Amino acid sequence: MPQITLESAVSGSTAARYDYLIVGAGFAGSVLAERLSAGLGKRVLLIDRREHIGGNAYDHFNEAGIMVHRYGPHIFHTNAERIVQYLSRFTEWRPYEHRVLAQVAEHLVPIPINLTTMNTLYGLQMTEAQAAEFLASRAQPVDNVRTSEDIVINQVGRELYELFFRGYTRKQWGLDPSELDKSVTSRVPTRTNGDDRYFGDTFQMMPLDGYTRMFERMLDQPNIDILLETDFVDVREQVNYGHLVYSGPIDEYYDYCFGKLPYRSLKFQHETLNQAQFQPVSVVNYPDEAVPYTRITEYKYLTGQTHPLTSISYEFPCADGDPYYPVPRAENAELYKRYKALADSAPNVSFLGRLGTYKYYNMDQVVGQALALYQRIAEAAADANASACGASS
Ligand code: FAD
Ligand code: UDP
């Protein structure tokens, strides 16, 4: 990968050396850098304040030689074939269907709630049809489903809501589900059949050699220079560039002029254990509010690696730290709109990604967003070319 130093990025002629300065080497910034370079032949400087590419999807071999995800488990899933086709230029895939268990009282049961979950918890042997009736009898209809509490209670009733969602959500977000938009808990479906996969998407898999290797291949282009451990504020006045693409937090870019957008953070506690296996599946959720972490991930399940030891991570949600999650609730959406209005009136900067557009996006959605921005740029370039040709003919 063409990694450079700050000195070589800022030295040389006074003319713009880079067509694009892209802030953030996660999915948003890296996909756009690849497209602009390979698709339009643009010169790109891609920077990140971290010491690695890949953003939150970064993975690496730890001191024991086990591949782990530094920022928690990242499972690729999508319904969009074109996203798979695009990423497949840079990686082969390992088939992987994600399964999660939740520790509820003395039971380890599937989440999303499914037939097995209900039969185990209640000591029943229901069929699928009976489970549907069971849930219907417990569901408490809510007229105007607005919040993350409403949507679950409306589907499964208060008891299952409290067992699986209330405590987990209060820990994860530092807010009660009644204070969060319904889009948060509605990410997790409810099933009456035995399907115990976490995601229902058509495509579910992991990059065969890991995410970081996929990013390395994506960015391995002569037109892309990469500067790591470099914050935008430290180079904004020094680098010559035509257009800025910013995938960091939009409120930070605008110096918090309307106030801070709330983001939820996590502390990851990584451990390597002197045993081959720790838990029965890759992720076990702990919805009990008395347990300080939300989930434990065992990475070998995700990667398929065999190793005599095993590496796990605990996730402790917190308010301060790296911004990981935009917090979906009406007042935050209003605040974001004010920043977006500023962004819309700034012709030389585009905002992208989970932090740049303050959207609780999965990886595939961020790839889709970056490809869409590229499409708009490519079309504008084609229009400009056409009118230049028209003018000269
Ligand atoms: P990021 O990956 O956050 O990249 C932004 C980059 O910008 C960062 O590297 C940051 O260092 C850099 N940056 C910010 N500001 C500056 C600055 N001023 N100067 C220089 N650099 C800067 N998605 C899935 O599809 N499946 C999953 O299983 C999944 N699991 C997740 C688990 C966790 C714990 C988390 C937090 C997220 C998960 N996601 C998952 C979501 C996924 O991480 C995001 O959709 C994706 O990584 C967002 O990419 P991005 O490029 O927008 O942002
Ligand atoms: N959730 C929950 N209990 C669970 C799993 C999820 O209450 O066992 C809620 C919680 O609010 C969480 C949201 O559903 O933030 C979305 O879950 P998902 O697994 O998609 O979260 P992510 O992987 O993005 O952290």
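Source: prediction; values computed, not measured.

Caption draft 1: Structural view of the site of ligand 1. Close to ligand 1 lie 34 residues; D48, H74, I75, Y361 and M363 are nearest. Measuring from an oxygen atom of ligand 1, one finds a side-chain N or O atom of D48 at 2.6 Å. Separating an oxygen atom of ligand 1 from a backbone N or O atom of M363 is a distance of 2.8 Å. In the complex, the protein chains occlude 96% of the 990 Å² of accessible area that ligand 1 would expose alone. Those elements that place two or more of their residues in the shell around ligand 1 are α2 (27-40), α12 (353-356) and α13 (363-392).

Caption draft 2: Structural view of the packing of aromatic side chains. Going through the model one piece at a time under the given rule, you end up with 26 aromatic pairs. Ring plane angle 80 degrees and centroid distance 5.6 Å describe the contact between Y325 and Y360, whose orientation is recorded as edge-to-face. Taken as a pair, Y325 in strand β16 (residues 325-326) and Y360 in the loop between α12 and α13 lie far apart in primary sequence, 35 residues in all. Its relative accessible area of 11% is what places Y325 among the buried residues. The rings of F232, Y246, Y253, Y254, F258, Y339 and F351 are connected pair by pair, giving a single aromatic cluster. Taking NZ or CZ as reference, R35 lies 5.3 Å from the ring centre of Y374, over its face. Above the ring of Y71, the side-chain terminus of R50 is found at 4.0 Å from the ring centroid.

Caption draft 3: Molecular detail of the site of ligand 2. Not every one of the 16 residues close to ligand 2 is listed here, only the nearest: T169, R187, Y198, Y325 and Y360. With respect to ligand 2, the side chain of Y325 contributes an N or O atom lying 2.7 Å from an oxygen atom. Within the complex, the protein chains bury 94% of what would otherwise be the 520 Å² of accessible surface of ligand 2. Residues of the shell around ligand 2, tallied by class, amount to 10 nonpolar, 4 polar and 2 charged.

Caption draft 4: Just the pairing of strand β11 (residues 241-246), in detail. In this sheet, β11 lies alongside strand β1 (residues 18-23) in parallel orientation, the contact comprising 5 bridges. Each bridged residue has a counterpart across the sheet, and for Y18 the counterpart in β11 is Y241.

Caption draft 5: Molecular detail of the sheet that holds β11. Strand order in the open sheet formed by 5 strands is β10-β2-β1-β11-β17, and the pairing between neighbours is parallel. In the strand order of this sheet, the two ends are held by β10 (224-227) and β17 (349-351), each with one partner. In this sheet, adjacent strand axes meet at a mean angle of 20 degrees when their direction is disregarded. Inspection of the sheet shows β1 paired to strand β2 (residues 44-47) by 4 bridges, in the parallel sense. Note that in β2 the partner of I22 across the bridge is L46.

Caption draft 6: Up close: the layout of surface pockets. Of the volumes computed, that of the second largest pocket is approximately 400 Å³. If you trace the second largest pocket, you find 20 residues lining it, with S183, K359, Y360, Y361 and Q365 closest to the centre. For the lining of the second largest pocket, the secondary-structure elements that each account for two or more residues are α11 (330-344) and α13. Class assignment of the residues belonging to the lining of the second largest pocket gives a composition of 9 nonpolar, 5 polar and 6 charged.

Caption draft 7: The arrangement of helix α4 (residues 115-122) in detail. Taken residue by residue, α4 has L115, T117, M118, N119 and L121 as its buried positions. Those residues of α4 hidden inside the fold are in contact with β7 (100-104), β8 (107-111), α5 (128-138) and α6 (148-173). Capping the start of α4, N114 holds a side-chain oxygen 3.0 Å from the backbone nitrogen of T116, two or three residues further along.

Caption draft 8: Spotlight on unusual backbone geometry. Cis geometry is found at the peptide bond from I111 to P112, where omega equals 0 degrees. Among the secondary structure elements, P112 is positioned in the loop between β8 and α4.

Caption draft 9: Broad picture of the pattern of salt bridges. Within the structure shown, the criterion is met by 23 salt bridges. When the shortest N-O distance is used, the salt bridge between E162 and R158 registers 3.5 Å. On the criterion of helical spacing, the pair formed by E162 and R158 is a turn pair, its members being 4 residues apart in helix α6. For E162, a relative accessible area of 41% gives the class partly exposed. Residue R158 is classed as partly exposed on the basis of its relative accessible area of 35%. The salt bridge partner of R191 is D195, with a shortest N-O separation of 3.9 Å. Shared partners join several salt bridges into a network, and the residues in it are E97, R99, R191, D195, D196 and R197.

Scoring rules and cut-offs
- Residues numbered from 1 in each chain as written.
- Chains lettered and ligands numbered in written order.
- Predicted model: local features only at pLDDT ≥ 70, side-chain atom pairs only at ≥ 80, totals over all residues.
- Heavy atoms only, no water.
- Near = heavy atom within 4 Å.
- Polar contact = N/O pair within 3.5 Å; in protein donor to acceptor, adjacent residues only side chain to side chain.
- Areas by Shrake-Rupley, 256 points an atom, 1.4 Å probe, with all protein chains shown as cover.
- Helix = DSSP H or I, 4+ residues; strand = E, 2+ residues; numbered from the N terminus.
- Phe/Tyr/Trp six-rings, centres within 6.5 Å; stacked < 30°, edge-to-face > 60°.
- Buried < 20%, exposed > 50% of the residue type's maximum accessible area, 1.4 Å probe, protein only.
- Lys NZ or Arg CZ within 6 Å of the ring centre and 35° of its normal.
- Nonpolar A, V, L, I, M, F, W, Y, C, P; charged D, E, K, R; others polar.
- Pairing = 2+ DSSP bridges.
- Axes fitted to C-alpha atoms, helices over the stretch in contact; angles between N-to-C directions.
- 1 Å grid on protein atoms, 1.4 Å probe; cavity = no way out; pocket = protein on both sides within 12 Å on 5 of 7 lines; lining within 4 Å.
- Points joined across faces, edges and corners; volume = space filled by probe spheres on them.
- Contact = heavy atoms within 4.5 Å.
- Salt bridge = Lys/Arg side-chain N within 4 Å of Asp/Glu carboxyl O.

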